[in-house]
Amino acid sequence: MPARSLKQPPTQRAQSVVFYETQPNGIATQTIHLLKIYPNPVTDFFEIQHLGNDVFRKYTITNMLGQNVQSGSVITNNTVNVAMLKPGIYLLTLNSDNGILGKGIFLK
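Residues numbered from 1 in each chain as written. Predicted model: local features only at pLDDT ≥ 70, side-chain atom pairs only at ≥ 80, totals over all residues. Heavy atoms only, no water.

Chemist: Account for the nonpolar core, with residues named and values stated.
Modeler: Grouped together as the largest cluster of nonpolar side chains are 18 residues, with contacts concentrated most on Phe46, Ile48, Ile61, Val82 and Leu92. For this core, the secondary-structure elements that each account for two or more residues are strand S2 (28–38), strand S3 (45–50), strand S4 (56–62), strand S7 (88–96) and strand S8 (99–107). Apart from residues no more than four positions distant in its own chain, Phe46 is found in contact with Ile37, Tyr38, Pro39, Ile61, Asn78, Thr79, Val80, Val82, Leu92 and Ile105. (Core = buried A, V, L, I, M, F, W, Y, C linked by side-chain atoms within 4.5 Å. Buried < 20%, exposed > 50% of the residue type's maximum accessible area, 1.4 Å probe, protein only. Helix = DSSP H or I, 4+ residues; strand = E, 2+ residues; numbered from the N terminus. Contact = heavy atoms within 4.5 Å.)

Chemist: Please provide a residue-by-residue account of the sheet that holds S7, values included.
Modeler: One key point about sheets: their strands pair by backbone hydrogen bonds, in either a parallel or an antiparallel sense. The strand order S5-S4-S7-S8 describes an open sheet built from four strands, whose pairing is antiparallel. With partners counted over all chains shown, the strands left at the sheet margins are strand S5 (68–73) and S8, one partner each. Ignoring which end each strand starts from, the neighbouring axes of this sheet average 20° apart. Strand direction decides the pairing type here: S4 and S7, joined by six bridges, are antiparallel. Following the sheet pairing, Thr62 is matched in S7 by Leu91. (Pairing = 2+ DSSP bridges. Axes fitted to C-alpha atoms, helices over the stretch in contact; angles between N-to-C directions.)

Chemist: Describe the side chain of Thr62, naming the residues involved and giving the relevant values.
Modeler: Looking at the secondary structure, you find Thr62 in strand S4. The exposure class assigned to Thr62 is buried, which follows from its relative accessible area of 13%. A distance of 3.1 Å separates polar atoms of two side chains, one belonging to Thr62 and the other to Asn68. Apart from the residues lying within four places of it in its own chain, the contact partners of Thr62 are Gln67, Asn68, Val69, Tyr90 and Leu91. (Polar contact = N/O pair within 3.5 Å; in protein donor to acceptor, adjacent residues only side chain to side chain.)

Chemist: Account for the environment of Thr43, with residues named and values stated.
Modeler: Its place among the elements puts Thr43 in the loop between S2 and S3. The spatial distance from the C-alpha of Thr43 to the C-alpha of Ala83 is 6.8 Å, given a sequence separation of 40 residues.

Below is the structure:
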């Protein structure tokens with residue numbers, strides 16, 4: 001399948017990402033975020049599109065050994081260049097003022 005250009009609107013539906021947050025009183029609350037990360041699998045870059053109210057400020061990409069291999073800001077640009085990473089499975093972590101979301105990404 002050829003790599004999709006970011007200039008084309010994604011046909012992929014937003015995925016619901018469930019985020020659990022434990023309050024100081026020990027009660028866990030559940031928040032559902034609608035999030036698009038495309039294309040996945042990734043070749044050179046991917047885009048993060050969030051359809052909720054949270055503003056994601058930072059991202060971190062972690063390999064399967066738990067090593068942070070890339071991080072940056074998503075304030076000005078929701079496109080992340082991963083061309084320098086080796087093919088494999090990575091965990092994308094997005095940080096907002098309200099918490100942290102994690103999502104697996106696959107790099108070809």
